[in-house]
Amino acid sequence: MPETLCRSCGTELRPKSSCELCGVTLNMVCPGCGNFTDDMVHLDCVLARRLLALSSSSSSSSMTTTAAG
Ligand SMILES: [Zn+2]
Ligand SMILES: [Zn+2]
């Protein structure tokens, strides 16, 4: 049972967005009044995503063999 309730109307908050890497909820939104909590930032996940983006764009070098005849 979530223990996060809206401070304005007391409605049970719902997850607004979650971390794409670890799946933890980053911020909550109130379905009653639309109030939402502050966004949390996962520094470790942000850094990991940057590393993944860098590693994905790797230049592939094609080796050409010349047969000396
Ligand atoms: Zn995360
Ligand atoms: Zn509310």
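The preceding data block contains the structure.
To start, this report covers the structure provided alongside it.

About the thresholds
- Residues numbered from 1 in each chain as written.
- Chains lettered and ligands numbered in written order.
- Predicted model: local features only at pLDDT ≥ 70, side-chain atom pairs only at ≥ 80, totals over all residues.
- Heavy atoms only, no water.
- Donors = N, O, S within 2.8 Å, 3.2 Å for Na, K, Ca; no water.
- Tetrahedral: all angles 85-135°; square planar, octahedral: opposite > 155°, others 65-115°.
- Helix = DSSP H or I, 4+ residues; strand = E, 2+ residues; numbered from the N terminus.
- Buried < 20%, exposed > 50% of the residue type's maximum accessible area, 1.4 Å probe, protein only.
- Expected span 1.5 Å × (residues − 1).

1. Structural notes on the coordination of the zinc ion (ligand 1)
Only Cys19 (SG), Cys22 (SG), His42 (ND1) and Cys45 (SG) from the protein reach the zinc ion (ligand 1) as donors, at distances of 2.1 to 2.4 Å. Coordination at the zinc ion (ligand 1) is tetrahedral, judged from the four donor atoms that bind it and the angles of 96 to 121° they form at the metal. Sequence positions of the donors to the zinc ion (ligand 1) reduce to the motif C-x2-C-x19-H-x2-C. Placement of Cys22 in the loop between strand E1 (14-18) and strand E2 (25-29) and of Cys45 in helix H1 (residues 43-56) is noted, with a sequence separation of 23 residues between them. Owing to a relative accessible area of 41%, Cys22 belongs among the partly exposed residues under this scheme. Under the relative-accessibility criterion, Cys45 is labelled buried at 13%.

2. Brief notes about H1
Given a rise of 1.5 Å per residue, 14 residues ought to cover 20 Å, and the 20 Å separating the end C-alpha atoms of H1 matches this to within 8%. With respect to burial, H1 is a largely exposed element, only one of its 14 residues being buried.

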